[in-house]
Amino acid sequence: MTEARPIPQPPSPAIPAKRWAYVIPVAAIMYMLAYLDRNNVSVILPYMHGDLELSNADKGLVGGIFFVGYVFLQIPAAILAQRWSARKTVVILMVAWGLAASLSGLVQTKSQFYAARFVLGFFEGGVWPAVLILLASWFPLRERARANALWMACLPLSSVFMAPLSGWMLDHASWRWVLVLQGVPPLVWAVVWWFAVADRPAQARWISRAEADHVERSIAADEAAKPPAGSGSYLDAVKQKSVLVLIGVYFFWITGFYGFNLWLPSVIKELTHNGSSTEVGLLTAVPFTVALVVMIANAAWSDRTGKRRQAVALPLVVGIAALLLGQAVDGALPRMLLLCVTAAAVYAPYGPFWAIPGQLLRFEVVAVAMGLINALGNLGGFAGPYLVGWLTDATGSSVTGFAVLSGFLAVAVALVTLGLRTGTSPVCRLSGQAAEGA
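Residues numbered from 1 in each chain as written. Predicted model: local features only at pLDDT ≥ 70, side-chain atom pairs only at ≥ 80, totals over all residues. Heavy atoms only, no water.

(A) Representation of helix α9 (residues 185–196) within the structure. A rise of 1.5 Å per residue sets the reference length of α9, with its twelve residues, at 16 Å; its end C-alpha atoms lie 16 Å apart and thus fit the reference within 8%. Looking only at α9, the buried set comprises Pro 186, Trp 189, Ala 190 and Trp 193. Down the axis of α9, the smallest arc covering the buried residues is 125°, so these residues share one side. Projecting away from the buried face of α9 at angles above 90 degrees are the exposed residues Val 188 and Phe 195. (Helix = DSSP H or I, 4+ residues; strand = E, 2+ residues; numbered from the N terminus. Expected span 1.5 Å × (residues − 1). Buried < 20%, exposed > 50% of the residue type's maximum accessible area, 1.4 Å probe, protein only. Arc of directions from axis to C-beta.)

Structure (structure tokens):
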């Protein structure tokens, strides 16, 4: 194959920079609020003090059933975002999930709690693919992993800020009021989103025409460099081996990811010998702070080298080792350090992983592919928390549950290493050379 020539780059002053300051922060804060409403239950569950009579398996189901609801709007929202408007799709979902989050604080029975979490997952489910479609209209491939990672930095960042907040609120109010009050911010931020976000550069009022043209020309060049996906139909896209492999990778990775995330505050509470909710919330923020730094650094390395596959696999290998060591060592400090390593390892692949579909598929079909990957992969968010809770009840210890999570991560490593062995795609090589020439 003839070596791909670098994409000609304009002088650096002409390269647009405002989109990094406008699009990414507004989208990141929006999803921080979504992640808060999804994960606040992990901080709340250890302090429900017998309310609703939840066993460990029940608590795992509360965390996991969210992801059953999460499946349904993945592909519909992705199609709406691509064909209609990502901006409008997200604002509708934001209002709906904010109301669902607040109503979950009013439940009276275990069954109602399950139903409320299911509905919350249903409305949040479409946001992720819709924002990925939005970012694909604003950031060329050579910047995509960094853009994805900076937006997805909202995941650990949400836990850095919100876990202490939830802990502090629990010291001053019931868990019900915490859930009700934390459902309000998305309703407020929906107004900001509506006025600050545009679907593409040509529609934004805060970017110059020259900058908008530069971005859209770069994205058009990326699209022209991609191989056609058969007839260009959605079925052709999702039948590709690479898409099926990515679904498998995401499922096994996310099983370990959410299994770890949901039970992290409970592990830290154990390490503090039943510390206060404020103390546990503050300590829970420490692993996520480490994860934030590593996540962004890994994405920058992935964009610079084009090594997407390695940027996914290597952190997960580290995560497996840390999870297993964490069950073998004694002492609060060593175990806390290993929790930090594990958090960094399971968050690090996000930016590079979600840059891969955009390299392999054209824009007109990538929406459905990403929706399918996220929908089926996130079923691991049900499996992981429930498995840890069920195994903890069955064995009286969390050791077996975390060992099983490491096994799921190992399968993800095998799939990304062996299932995507075709090497760097032409698009990735082109993007990497362009980045070197920039």
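(B) Seen up close, the packing of aromatic side chains. A full pass over the atoms with the stated rule returns 27 aromatic pairs. Measuring from centroid to centroid gives 5.5 Å for Tyr 31 and Trp 151, while their planes differ by 65°, and the two rings are edge-to-face. On the criterion of sequence distance, the pair formed by Tyr 31 in helix α1 (residues 18–44) and Trp 151 in helix α6 (residues 141–152) is long-range, its members being 120 residues apart. Owing to a relative accessible area of 1%, Tyr 31 belongs among the buried residues under this scheme. Under the relative-accessibility criterion, Trp 151 is labelled buried at 0%. With a centroid separation of 4.7 Å and an interplanar angle of 70°, the aromatic rings of Phe 257 and Tyr 347 are classed as edge-to-face. Taken together, the positions of Phe 257 in helix α12 (residues 241–271) and Tyr 347 in helix α15 (residues 332–347) put the pair 90 residues apart, joining distant regions of the chain. An aromatic cluster of three or more residues is present, and its members are Tyr 31, Trp 128, Trp 151, Tyr 250, Trp 253, Phe 257, Phe 288, Tyr 347, Tyr 350, Phe 353 and Trp 354. (Phe/Tyr/Trp six-rings, centres within 6.5 Å; stacked < 30°, edge-to-face > 60°.)

(C) Structural view of the pattern of salt bridges. As enumerated under the stated definition, the model contains six salt bridges in all. Note that Asp 58 and Lys 110 form a salt bridge whose closest N and O atoms lie 3.3 Å from each other. Taken together, the residues span a long stretch of sequence, with Asp 58 in helix α2 (residues 56–70) and Lys 110 in helix α4 (residues 110–124) at a distance of 52 residues. Judged by its relative accessible area of 29%, Lys 110 falls in the partly exposed class. (Salt bridge = Lys/Arg side-chain N within 4 Å of Asp/Glu carboxyl O.)

(D) Broad picture of a nonpolar patch on the surface. On the surface, Val 286, Val 290, Val 293 and Val 294 cluster together into a nonpolar patch covering about 270 Å² of accessible area. Looking at where Val 294 falls in the secondary structure, it is placed in helix α13 (residues 277–305). Under the relative-accessibility criterion, Val 294 is labelled partly exposed at 33%. (Patch = residues over 30% accessible without salt bridge, like charges linked within 9 Å, V, L, I, M, F, W, Y side chains within 5 Å. Areas by Shrake-Rupley, 256 points an atom, 1.4 Å probe, with all protein chains shown as cover.)

(E) Geometry of the packing of helix α7 (residues 154–172) against helix α8 (residues 175–182). Two elements in contact, α7 and α8, have axes separated by 8 Å at closest approach and are oriented at 135°. Accordingly, the angle class assigned to the pair α7 and α8 is oblique. For the pair α7 and α8, the sense of crossing is right-handed. Residues Ser 166, Met 169 and Leu 170 of α7 form the contact with α8, whose participating residues are Trp 175, Val 178, Leu 181 and Gln 182. Its residues assigned to classes, the contact of α7 with α8 comprises five nonpolar, two polar and no charged. (Axes fitted to C-alpha atoms, helices over the stretch in contact; angles between N-to-C directions. Parallel < 35°, antiparallel > 145°, perpendicular 65-115°, else oblique. Left-handed = near helix turned anticlockwise from the far one by under 90°. Contact = heavy atoms within 4.5 Å. Nonpolar A, V, L, I, M, F, W, Y, C, P; charged D, E, K, R; others polar.)

(F) The confidence of the model for the protein chain, seen in detail. Residues of the protein chain with pLDDT of at least 70 account for 88%, and the chain-wide mean is 81. Within the model, pLDDT remains below 50 along residues 422–438, and this stretch shows 31 contacts once partners closer than five positions in the same chain are excluded. (pLDDT = per-residue confidence, 0-100.)

(G) Structural context of the side chain of Gln 182. With respect to the helices and strands, the residue Gln 182 is situated in helix α8. Apart from residues no more than four positions distant in its own chain, Gln 182 is found in contact with Leu 36, Asp 37, Asn 40, Ser 166 and Met 169.

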